[in-house]
Amino acid sequence: MPLSMYDASIPVFQRALGNLDALLRKGEEHAAGAGLDLAELAAARLAPDMFPLTGQVQSACDSAKFAAARLTGTTAPSFPDTETTFEELHQRIAATLDYLASVDPAGFAGSETREVVQKSRRGERHFVGTSYLLTFALPNFFFHVTTAYDILRHKGVPVGKMDYLGAL
């Protein structure tokens, strides 16, 4: 049986978001043990022109939900980017996971060739479904998950490759 667009996206997003949630929990544990301010950790960034940890989590969640919606031709739920605490980040991930769980696999039928328009401040990008998923949605999603991991690691949180990958 060939790999479906659903299988190449939704379970991948769900697993990585679950792992990201666990990474945030490790960040909280580390901060508590080391006497670090959680607000400072949530606002940490790798470079001045990059999103802070909160923005990386928001962007990872948005990447996943918008990919699901664009590939199924539906509308993603709107989540305002107001999270500033770890608890709010956990809630954002949970809301995204709830949405992903509600996406009907049948909605992906024909998504391999469905036109996808991705709008941004720089204009519109046009894709067909397979190209969108493989060359934009997944790489963009993992950029933000990886950058969140990198921020935590840079701030001394004892996370490693297996924390990022999760239980195999």
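All figures in this text were calculated on a predicted structure; none of them were measured in a lab.

What counts as what
- Throughout, a residue's number is its position along its own chain's written sequence, starting from 1.
- Local features in a predicted model are, by the rule used here, given only for residues with pLDDT of at least 70; side-chain atom pairs are given and counted only at 80 or more, and totals for whole chains, interfaces and linings are based on all residues.
- Derived side-chain values reflect all non-hydrogen atoms in the structure, with water molecules and hydrogen atoms excluded from consideration.
- Salt bridges are defined by distance alone: a side-chain nitrogen of Lys or Arg within 4 Å of a carboxyl oxygen of Asp or Glu.
- Helix and strand definitions here come from DSSP, where helices need a minimum of 4 consecutive H or I residues and strands a minimum of 2 consecutive E residues; each element is numbered from the N-terminal end.
- For every residue, the accessible area (1.4 Å probe, protein chains only) is compared with the maximum for its type, and the residue is labelled buried under 20%, exposed over 50%, or partly exposed between those bounds.
- For this count, His and the chain ends are skipped, Lys and Arg are scored as positive, and Asp and Glu as negative.
- Contacts are assigned to residue pairs with any non-hydrogen atoms lying within 4.5 Å of each other.
- Note on method: axes are straight lines fitted to C-alpha atoms, helices fitted across the in-contact stretch only, with angles between N-to-C directions ranging 0 to 180 degrees.
- Throughout this description, any angle smaller than 35 degrees is read as roughly parallel, any larger than 145 degrees as roughly antiparallel, any in the 65 to 115 degree range as roughly perpendicular, and the remainder as oblique.
- Three classes are used, and their members are as follows: Ala, Val, Leu, Ile, Met, Phe, Trp, Tyr, Cys and Pro are nonpolar, Asp, Glu, Lys and Arg are charged, and the others, Gly among them, are polar.
- Only when DSSP finds a minimum of two bridges between them are two strands counted as paired.
- Here, nonpolar core refers to any group of buried Ala, Val, Leu, Ile, Met, Phe, Trp, Tyr and Cys residues whose side-chain atoms link them within 4.5 Å.

## Side note on the pattern of salt bridges
Side chains that carry opposite charge are capable of pairing whenever their charged atoms lie near each other.
No. 1: One pass over the structure, following the stated rule, counts six salt bridges.
No. 2: Taking the shortest distance from any N to any O, the salt bridge between Arg 25 and Glu 28 comes out at 3.6 Å. Here Glu 28 and Arg 25 lie together in helix H1 (residues 10-34), a separation of three residues that amounts to about one turn.
No. 3: Residue classification places Arg 25 among the partly exposed residues on the basis of a relative accessible area of 38%.
No. 4: Connected through shared salt-bridge partners, Asp 62, Lys 65, Asp 81, Glu 83 and Arg 92 make up one network.

## A closer look at the side chain of Asp 21
No. 1: In this structure, Asp 21 sits in helix H1.
No. 2: No salt bridge is formed by the buried Asp 21. Its closest oppositely charged neighbour is Arg 25, at 4.1 Å.
No. 3: Setting aside residues no more than four positions away along its own chain, Asp 21 makes contact with His 90 and Ile 93.

## Details of the packing of helix H3 (residues 53-72) against helix H4 (residues 86-102)
A pair of packed helices can be characterised by two numbers: the angle between their axes and the separation between those axes.
No. 1: Axis separation between H3 and H4 bottoms out at 10 Å; the angle between their running directions is 10°. In terms of axis orientation, H3 runs roughly parallel to H4. Note on element contacts: H4 touches H3 through Phe 86, Leu 89, Arg 92, Ile 93, Thr 96, Tyr 99 and Leu 100, opposite Leu 53, Thr 54, Val 57, Gln 58, Cys 61, Asp 62, Ala 64, Lys 65, Ala 68 and Ala 69.
No. 2: Among the residues making up the contact of H3 with H4, the classes are represented as eleven nonpolar, three polar and three charged.

## What to know about the pairing of strand S2 (residues 123-128)
No. 1: Pairing between strand S1 (residues 115-120) and S2: six bridges, direction antiparallel. Within S2, the position partnered with Lys 119 by the bridge is Glu 124.
No. 2: Hairpin remark: S1 followed by S2, antiparallel, with two residues in the connecting loop.

## Thoughts on the nonpolar core
No. 1: Leu 17 and Leu 20 are the most contacted members of the largest nonpolar core, which has 46 residues in total.
No. 2: Counting only elements with at least two residues in this core, the list comes to H1, helix H2 (38-42), H3, H4 and helix H5 (129-154).
No. 3: In terms of residues, this core owes the most to one element, H5, which gives eleven residues.

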